[in-house]
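Below, each chain spelled out in residue letters.
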Amino acid sequence: MINLDSLKAYAEYINLIEAQYLGKFFDIQKPYIHCKEGCSACCETGEYPVSEIELMYMIAGYKNLPPEIQERVTINTDKIKTEKPADKNEKYLYQCPFLIDKKCSIYRYRAIICRTHGLLFYITDKDGKTHNKMPACVNDGLNYSEVYDPVSNTISPEMWEASKIPVEPKAYNISREVIMDNAKNAGFDIDFGESKVLIDWF
């Protein structure tokens, strides 16, 4: 059962991985990262998978918001739920309800997928093969677009060489599943609970 102690452990773990891993990865890959305040493309169209403990942490952030911002989040959530297709098998993309005026209203409490988004990462399939996953904003001419080949949907060594960027574009093992699984290896006993897309929690 997720309780206050679980939330504290989760918050400590998130702070640890941001300080020891994610923050450093973003710094290393800085020449390819074009995220800036007001750039909210990654929050405007998505499903936003979150685990139960992530949701509880997000709600803790929501409770700290001024009442007028809480009301706007509630209005956003109600609108998304109203527009959600009746067919549960139909993929539903929507704007994150916590996005207010092109800013994350709960930034400190955001989900794991939000914290890793923007970096090139890889996943390993059941056959042990690795596959690079590009951030969606590459198609908008943003992160990694200088070295991205849309035909092969991957990083082009030739484009990297031509870019003269001294830092190699590198993929990291930072999928949300890996980050959740690694909690125990980092000494944290965290039950993440069930995972759903964000709107299905409401």
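Before reading on, note that the structure itself is shown above.
Because the structure is a prediction, the values reported are computed rather than measured.

Rules and cut-offs
- Residues numbered from 1 in each chain as written.
- Predicted model: local features only at pLDDT ≥ 70, side-chain atom pairs only at ≥ 80, totals over all residues.
- Heavy atoms only, no water.
- Helix = DSSP H or I, 4+ residues; strand = E, 2+ residues; numbered from the N terminus.
- Buried < 20%, exposed > 50% of the residue type's maximum accessible area, 1.4 Å probe, protein only.
- Polar contact = N/O pair within 3.5 Å; in protein donor to acceptor, adjacent residues only side chain to side chain.
- Contact = heavy atoms within 4.5 Å.
- Patch = residues over 30% accessible without salt bridge, like charges linked within 9 Å, V, L, I, M, F, W, Y side chains within 5 Å.
- Areas by Shrake-Rupley, 256 points an atom, 1.4 Å probe, with all protein chains shown as cover.
- Salt bridge = Lys/Arg side-chain N within 4 Å of Asp/Glu carboxyl O.
- Lys, Arg positive; Asp, Glu negative; His and termini not counted.
- Charge placed at Lys NZ, Arg CZ, Asp CG, Glu CD.
- Core = buried A, V, L, I, M, F, W, Y, C linked by side-chain atoms within 4.5 Å.
- Axes fitted to C-alpha atoms, helices over the stretch in contact; angles between N-to-C directions.
- Parallel < 35°, antiparallel > 145°, perpendicular 65-115°, else oblique.
- Nonpolar A, V, L, I, M, F, W, Y, C, P; charged D, E, K, R; others polar.

Asker: Looking at this model, I keep getting lost on the side chain of Arg115. Mind explaining?
Answerer: Along the chain, the position of Arg115 falls in helix H5 (residues 112-116). Classification of Arg115 as buried rests on a relative accessible area of 5%. At a separation of 3.0 Å, a polar atom in the side chain of Arg115 contacts the side chain of Glu18. Discounting chain neighbours no more than four positions away, the residues touching Arg115 are Ile14, Glu18, Leu22, Phe26, Tyr57, Tyr107, Arg108, Tyr109 and Arg110.

Asker: How do you make sense of a negative patch on the surface when you look at a structure like this?
Answerer: On the surface, Glu52, Asp189, Asp191 and Glu194 cluster together into a negatively charged patch. Looking at the element boundaries, Glu194 is found in the loop between helix H7 (176-185) and strand E8 (195-197). In this structure Glu194 comes out as partly exposed when scored by relative accessible area, which is 48%.

Asker: How do you make sense of the nonpolar core when you look at a structure like this?
Answerer: One recurring pattern in soluble globular proteins: nonpolar side chains tend to sit buried together. Core analysis: the biggest nonpolar cluster contains 52 residues, and Tyr10, Tyr13, Tyr144, Ile190, Phe192 and Leu198 have the highest contact counts within it. For this core, the elements supplying multiple residues, two or more each, are helix H1 (4-28), helix H3 (52-63), helix H4 (67-83) and H7. Ignoring anything within four residues of it in the chain, the contact list for Tyr10 reads Ile53, Glu54, Tyr57, Ile112, Ile190 and Phe192.

Asker: Where do I start with the packing of H1 against H3 in this structure?
Answerer: In a pair of packed helices, the angle between the axes and the distance between the axes together describe the arrangement. With their axes 10 Å apart at the nearest point, H1 and H3 run at an angle of 90 degrees to one another. By the criterion of interaxial angle, the relationship of H1 to H3 is roughly perpendicular. Contacts between H1 and H3 involve Ser6, Leu7, Tyr10 and Ala11 on the former and, on the latter, Ile53, Glu54, Met56 and Tyr57. For the contact of H1 with H3, the per-class residue count stands at six nonpolar, one polar and one charged.

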